[in-house]
Amino acid sequence: MRVAEITDAGVRERLAAKGLTIDCGAAVVRIQSDVPELAAMLRLLYGAFQIEPDDVVTDASVMLRLARGSRRVFRPQIELWLDGSRPFERYPRDTPLPLVEWGVNFALAKRLHCYLLLHSGVVEMGGRAVVIPAMPGSGKSTLTVALSQRGFRLLSDEFGVVRLSDSRLLPLLRPAALKNESIDVISRFAPDAILGPRFPKTRKGTVAHLALDASTVDERHTPAQPAVVVFPRYDPTVEFELDSVPKARAFGRLAVNSFNYEVLGPDAFDALGRLVALSDCYELRYSDLDRAIDAITLFVRRADSATTLEEPAS
Amino acid sequence: MGATFSAIPGVRILDFDSEVVVFNPRSWDAHILNSAAEMVLGLLTRSPRTQHDIEVALFDALAEEERASASAHAERVLNDLRSVGLIVELGQDGLASR
């Protein structure tokens, strides 16, 4: 059963009881909460996801709770609990959804060490993955989401999940987080895209999330072979500029940008080396989204004609 | 003949055209090497070599106008590789010196 098939009240009941358990592809996540307004937000954004049984083993468990005490009346606060502990101070109550999403990301980055986790968006076309590594302000999420609205399948807007055995990219699907100007950019670029509420007071400015469609969610266990790495940089002064990046340099930039390269050591080195060897690497400065998408589409098609896909490892 | 050097065991090398990336199994650090450092590390991975051996190998690999500096070049490359722990200097007994 998909999340959208139950009512807001039904989601609220689940959140308050054993939680809403979601299979995101490379990880299973459980969300619990007694914050009533969170239910409708999650139902909108996770509507296409299947609800998993309560007894499924999870990779991350996040609980958002209303804070107790006298301040709850005057300055209501919420608490984020991860896997049974509360590692952070309380937060104002007005950003429950960004807090849950951030909490899930934090928990996954800390725990999912059976994979190499790159800080990157990933999309796929024809079985070929495009890895879009992030630096703050790079426009990674904007470009990733825009590609997902033009024929590419979204694997993640945040995590490049690299399987250690063969370096294939696995989906880790969550509502894509858009920040500040990119919210309006995507609203104009894809008017039919379903965006959740805007939260103007987060640490990263205004945040809104993109709901994923059912066909994307249903492909959550379909990996993709690495083919292209694009280091993007949104630059309003440049319409479109493209440079090739030497593979050794691309390796270094991806390793530095990984969540757990240092945890995995030799396994990460081998997996990332294979990924880079299989990929053409570029640096892209852009302000024209359509041109950026055309170029990336061309790279993927070129990669498609240059090599044949290997059989996926079982 | 000078000192004798050897690569540490278990070094992993990824060859990407003009540059290589190597993995140090002791520190878990990765390093990007230029072609000279790659050549020296490759030699020392196969067997221990003296500094003189390295100078000769670099002399042969360098362009003619650079050959006069082969000795200094070899010393610099060996120091660089040793400073990041990818090679060690061997003592008279063939063991890594402290």
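Within every chain, residues take consecutive numbers counted from 1 along the sequence as written. Note on labels: chains are lettered from A, ligands numbered from 1, in written order. Given that this is a predicted model, residues contribute local features only at a pLDDT of at least 70 and side-chain atom pairs are listed and counted only at 80 or more, while totals for whole chains, interfaces and linings are drawn from all residues.

Chemist: What should I look at first to understand the overall build of chain B in this one?
Modeler: Within chain B, the secondary structure is distributed over three helices and six strands. Secondary structure elements follow DSSP: runs of H or I of four or more residues count as helices, runs of E of two or more count as strands, with numbering from the N terminus. Scanning chain B from its N terminus toward the C terminus, one meets helices and strands in the order β-β-β-β-α-β-α-α-β. A radius of gyration in this sense is built from C-alpha atoms; the matching globule rule multiplies 2.2 Å by the number of residues raised to 0.38. Its C-alpha atoms give chain B a radius of gyration of 13 Å, near enough to 13 Å, the size a compact globule of 98 residues would have. Across its three principal directions, the C-alpha atoms of chain B cover 35 × 35 × 20 Å. Each of the 98 residues in chain B was classed as buried or not, and the buried ones make up 24%. Two residues qualify as being in contact provided that their C-beta atoms, derived from the backbone, are within 7 Å of each other. When contacts within chain B are restricted to residue pairs at least 6 apart in sequence, long-range pairs at least 24 apart make up 53% of them. Put plainly, a residue is buried at 20 or more neighbouring C-beta atoms within 10 Å of its own, exposed at 12 or fewer, and partly exposed in between, counting only other residues' C-beta atoms, which are placed from the backbone.

Chemist: Is there a simple way to think about the environment of Asp59 of chain A in this case?
Modeler: All names here are of chain A. By secondary structure assignment, the location of Asp59 is in the loop between α2 (38-45) and β3 (60-66). Note: C-alpha distance between Asp59 and Val28 (31 residues apart in sequence) is 5.3 Å. For Asp59, the residues in contact, after removing those within four places along its chain, are Ala27, Val28, Val29, Leu108, Arg111 and Leu112.

Chemist: Explain the pairing of strand β12 (residues 199-202) of chain A here, please?
Modeler: In the case of a regular strand, side chains alternate between the two sheet surfaces. All names here are of chain A. When β12 meets strand β13 (residues 205-210), the two strands line up antiparallel, connected through two bridges. Counted as the bridge partner of Thr202 is Gly205 from β13. Adjacent in sequence and paired antiparallel, β12 and β13 are bridged by two residues. Paired strands, as defined in this entry, are two strands with at least two bridges between them according to DSSP.

Chemist: How do you make sense of the interface of chain A and chain B when you look at a structure like this?
Modeler: One frequent convention defines the size of an interface as the accessible area lost when the parts assemble. Listed by partner, the interface residues are 11 residues for chain A and 13 residues for chain B. Secondary structure elements with two or more residues in the side of chain A that touches chain B: α8 (247-256) and α10 (266-277) of chain A. Per element, the largest residue contribution to the side of chain A that touches chain B is five residues, and it comes from α8 of chain A. Residue composition of the side of chain A that touches chain B, by class: six nonpolar, three polar and two charged. By the convention adopted, Pro, Cys, Tyr, Trp, Phe, Met, Ile, Leu, Val and Ala count as nonpolar, Lys, Arg, Asp and Glu as charged, and the other residues, Gly among them, as polar.

Chemist: Help me understand α10 of chain A in this model?
Modeler: Turn by turn, an α-helix covers 3.6 residues, leaving residues three or four places apart pointing in a common direction. Between its first and last C-alpha atoms α10 of chain A spans 16 Å; for 12 residues at 1.5 Å apiece the expected length is 16 Å, and the two agree. Residues Ala268, Phe269, Ala271, Leu272, Gly273, Leu275 and Val276 of chain A constitute the buried set of α10 of chain A. For a helix, the expected span equals 1.5 Å multiplied by the number of residues minus one.

Chemist: Would you explain the sheet that holds strand β3 (residues 19-23) of chain B in this entry?
Modeler: Consider a sheet: its strands pair through backbone hydrogen bonds, and that pairing is either parallel or antiparallel. Reading across from one edge, β2-β3-β4 (chain B) is the order of the three strands in this open sheet, with antiparallel pairing throughout. Single-partner strands in this sheet number two, and they are β2 (12-16) and β4 (30-33) of chain B. Across the sheet, the axes of successive neighbouring strands diverge by a mean angle of 20°, strand direction being ignored. Sheet analysis places β3 of chain B next to β4 of chain B, joined by four bridges and oriented antiparallel. Looking across to β4 of chain B, one finds that Phe23 of chain B is bridged to Ala30 of chain B. Orientation is described by lines fitted to C-alpha atoms, with helices fitted over the stretch in contact, and by angles between N-to-C directions that extend from 0 to 180 degrees. Taken strand by strand, α8 of chain A contacts β2, β3 and β4 of chain B, and its axis lies near 35° from that of β3 of chain B.

Chemist: Help me understand the environment of Gln225 of chain A, please; the structure alone is not making it clear to me.
Modeler: Residues and elements named next belong to chain A. Mapped onto the fold, Gln225 is located in strand β14 (residues 225-234). Given 21 C-beta atoms within a 10 Å radius, Gln225 is considered buried. Taking the C-alpha atoms as reference points, Gln225 and Gly84, separated by 141 residues in sequence, lie 36 Å from one another.

Chemist: Looking at this structure, how should I read the domain arrangement of chain A?
Modeler: All names here are of chain A. All domain edges in this entry derive from an automatic or database-based domain assignment. By domain assignment, chain A separates into domain 1 (3-111) and domain 2 (115-306). The gap between the C-alpha centroids of domain 1 and domain 2 is 25 Å. Listed as interface residues are 21 residues of domain 1 and, on the opposing side, 27 residues of domain 2. Those elements that provide at least two residues to the side of domain 1 that touches domain 2 are α2 and α4 (96-111). It is α4 that contributes the most residues to the side of domain 1 that touches domain 2, seven residues altogether. Of the residues belonging to the side of domain 1 that touches domain 2, the class tally is 14 nonpolar, four polar and three charged.

Chemist: Got a minute to help me understand the packing of helix α1 (residues 35-46) of chain B against helix α2 (residues 51-61) of chain B in this structure?
Modeler: Between two packed helices, the angle of one axis relative to the other and the distance separating the axes together describe the packing. All names here are of chain B. Two numbers describe how α1 lies on α2: the axes approach to 11 Å, and their chain directions differ by 135°. In terms of axis orientation, α1 runs oblique to α2. With respect to the hand of their crossing, α1 and α2 are arranged in right-handed fashion. Contact with α1, carried on its side by Ala36, Met39, Val40 and Leu43, involves Ile54, Ala57, Leu58 and Ala61 of α2 and no other residues of that element. Considering only residue class, the contact of α1 with α2 consists of eight nonpolar, no polar and no charged. For this classification, under 35 degrees means roughly parallel, over 145 means roughly antiparallel, 65 to 115 means roughly perpendicular, and everything else is oblique. The sense of a crossing depends on the near helix, which, turned anticlockwise from the far helix by less than a right angle, makes the crossing left-handed and, turned clockwise, makes it right-handed.

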